[in-house]
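# Summary of structural features
Listed below, chain by chain, are the residues.
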Amino acid sequence: MPYPKIELHAEELEGLILEQGFSKAAFVRSADLPQSVAGHGEIAALGPGTFLLAALSCFREEAEDLSEPGDPHTLIAPFARRNYYAEAVARMKRVVRSLRTTHGFSKQAMRIFCNSPLPEKALAVSSGLGSYGKNSLILIPGMGSLFVIAGLFIPADVVGMNSSPAVTDQSAATVARFLLCGSCRACQNACPVNALEEAGRLDEIRCLQALCTEPRPFSESHRRAWAFRLYGCQSCQDVCPLNRNLEVQTATRRGELGPSRSIRQLLSLSAQQFREVLRGSALARSWIPPRTLLRNALLAAGNRRDPVLLQAVSRHRSSPDPLVARAAAWALSRIGESAGGERA
């Protein structure tokens, strides 16, 4: 199917993207994608056109842990503290409205994507938005890895795009890897479960981020490595030199959870109340079972080892859900060990 006879200019599109608070925009024609990306079912179904990729910062200068004496908290990774995904989609919708008004596109002709089934990281690299880091994430100078990717498929060619040689699968796999990393191994060395032994290849069987929404028990070593988290693991990003001295922040309170939540409060909630707390947040996704977050909060309680949490944890020891009951039993044993040591 040929492109519609609509002339779009890269400068115009980039202006619309930056006007909406995105920090960078990049483009790639579907015809220029490497076969490993172009052959993806979701990509192929869209047909010929241009992919617009953009980055929205999820960096925020704020405290990492709001715990107070007698009220220990469980921690949330920066990208999930607010619903940056929904915020990015809302901003991209305004771009779509502008394009419909000025160029006559139908709403159905364009597709917004963010945290979607499309291979977004591969599209980001193919477009030049960023490059792969050794932690398998996308890196952008001035933004590090603290951003979410949003994109828009437009069934038209874009005039004025930066020209580049055809991308082959081999160049996509090598040239765009680790351009900003050099010999640095900070992320690999920082991983608490050794999930980055091979640069750029994430071992999802070990990775805490990959496991945190899986409804199965953690190993003993993973329970301890989980530390105080509720959702997300930032260890590899916390040590990345590219994530230092960042300045770009996104002003939004959409789906705000904050950097941490009271463990005692979370453990006192009914299942319905727990879902209400998460409503509208980045954690209210169909693939994130609330029971796994409850498991995570119990593991955080065990690692806090604070006797003030005994009563809140104890109510889950008899849960009919084995995932929750096992986590509660482990947390109680850890807190009990701590209390016993203090008495001794």
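What comes next concerns the included structure. (Residues numbered from 1 in each chain as written. Predicted model: local features only at pLDDT ≥ 70, side-chain atom pairs only at ≥ 80, totals over all residues. Heavy atoms only, no water.)

## Notes on helix H1 (residues 10-19)
Along H1, the residues that are buried comprise Ala10, Leu13, Leu16 and Ile17. Looking straight down H1, one finds that the buried residues subtend no more than 130° of arc, so they occupy a single side. In H1, the exposed positions angled more than 90 degrees off the buried face are occupied by Glu11 and Glu19. Its buried side turned inward, H1 meets strand E1 (8-9), strand E2 (24-29), strand E3 (50-57), helix H4 (84-103), strand E8 (147-154) and strand E9 (158-159). Directly after H1, the chain includes Gly21, whose backbone phi takes a positive value near 95°. (Buried < 20%, exposed > 50% of the residue type's maximum accessible area, 1.4 Å probe, protein only. Helix = DSSP H or I, 4+ residues; strand = E, 2+ residues; numbered from the N terminus. Arc of directions from axis to C-beta. Contact = heavy atoms within 4.5 Å.)

## Quick word on the sheet that holds strand E10 (residues 229-231)
Hydrogen bonding along the main chain pairs the strands of a sheet, whether they run parallel or antiparallel. Taken together, three strands build an open sheet; the order of strands is E10-E4-E11 and the sheet is mixed. Two strands close off the open sheet at either side, each with one partner strand: E10 and strand E11 (260-262). Direction aside, the axes of adjacent strands within the sheet are offset by 35° on average. The sheet contact formed by strand E4 (residues 73-76) and E11 spans three bridges and is antiparallel. Bridge pairing in E11 links His73 to Ser262. Across the sheet, helix H13 (residues 290-304) is in contact with E4 and E10; its angle to E10 comes to roughly 170°. (Pairing = 2+ DSSP bridges. Axes fitted to C-alpha atoms, helices over the stretch in contact; angles between N-to-C directions.)

## Focus: the packing of aromatic side chains
Summed over the entire model, instances satisfying the criterion amount to four aromatic pairs. For the pair Phe218 and Trp226, a centre-to-centre distance of 5.8 Å together with 75° between the ring planes defines the contact as edge-to-face. Against the face of Trp226 rests Arg229, its NZ or CZ located 6.0 Å from the ring centre. Cation over ring: Arg304 sits above Phe228, and NZ or CZ is 3.8 Å from the ring centre. (Phe/Tyr/Trp six-rings, centres within 6.5 Å; stacked < 30°, edge-to-face > 60°. Lys NZ or Arg CZ within 6 Å of the ring centre and 35° of its normal.)

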